[in-house]
Amino acid sequence: MPITQDPMFAVDKIKAAIREIPDFPKPGILFKDITTVLKDPILFNQVVDYFYHELKDKKIQYVAGIESRGFILGSALAYKLGCGFVPIRKQGKLPGLVERHEYDLEYGTDVIEIHTDAVEPGARVVLIDDLLATGGTAAASCKLLEKLNADLIAIMFMIELEFLNGREKLPTAINTHAMIKF
Ligand code: AMP
């Protein structure tokens, strides 16, 4: 039974446990702090199980996690799925040969990177991050996986800020799923 249909599974409880910090990291941003979920062993378990049940039959070979909270959720998920984990990182952090993609921010640009040998061409990959805001980071991550000719099966977020319409930046053909929406 998918965990979403399990009466014991409470998305609402997880939503309520997310702490909101106004004006972090800069004025006007309402930061969704998931450390209050991660420190609760039951809630953290349920978050990972939620993603696991969405993906367990999809023959995923790699979970690609976006720095840095995507590493926390992604590595726990990869362990549970019994597949590999690959990091997508900010510029200059990965030691090997990298593919990079530059994308626009509100002010300026940012660069993210993945190891060129992170996944084999055609590998079945799920992309994960904690939160979808404007979609720039996730869209750039999709581009990186595209450059490696990965088979992107799904994009998973714990939280989606729907009013920012980040989903519109993501490839429409890919199953994109957010556990909690604000
Ligand atoms: P974006 O590229 O605008 O979709 O931003 C997504 C990235 O920024 C994710 O890695 C999030 O962790 C982080 N982020 C953006 N907005 C917030 C927010 N309001 N609260 C927490 N994290 C955020």
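What counts, and at which threshold
- Residues numbered from 1 in each chain as written.
- Predicted model: local features only at pLDDT ≥ 70, side-chain atom pairs only at ≥ 80, totals over all residues.
- Heavy atoms only, no water.
- 1 Å grid on protein atoms, 1.4 Å probe; cavity = no way out; pocket = protein on both sides within 12 Å on 5 of 7 lines; lining within 4 Å.
- Points joined across faces, edges and corners; volume = space filled by probe spheres on them.
- Helix = DSSP H or I, 4+ residues; strand = E, 2+ residues; numbered from the N terminus.
- Nonpolar A, V, L, I, M, F, W, Y, C, P; charged D, E, K, R; others polar.

J.: How should I be thinking about the layout of surface pockets in this particular structure?
T.: Empty pockets left among the atoms are what a rolling probe the size of a water molecule brings to light. The calculated volume of the largest pocket comes to roughly 1,100 Å³. Forming the walls of the largest pocket are 37 residues, and the residues nearest its centre are Ile29, Leu131, Ala133, Thr134 and Thr137. Within the residue set of the lining of the largest pocket, elements represented by two or more residues are strand E2 (30-33), strand E4 (84-90), strand E5 (98-104), strand E6 (109-115), strand E7 (124-132) and helix H5 (136-147). With four residues, the single largest contributor to the lining of the largest pocket is E7. For the lining of the largest pocket, the class distribution of residues is 19 nonpolar, six polar and twelve charged.

J.: How should I be thinking about unusual backbone geometry in this particular structure?
T.: For residues other than glycine, phi is negative in most cases, and the peptide bonds are mostly trans. Between phenylalanine 24 and proline 25 the backbone carries a cis peptide bond, its omega angle lying at -5°. Considering the arrangement of structural elements, one finds proline 25 in the loop between strand E1 (19-22) and E2. With an omega dihedral of -5°, the bond running from glutamate 67 to serine 68 counts as a cis peptide bond. Note on placement: serine 68 falls in the loop between strand E3 (62-66) and helix H4 (69-81). You will see that asparagine 149, though not glycine, has its phi angle at about 60°, which is positive.

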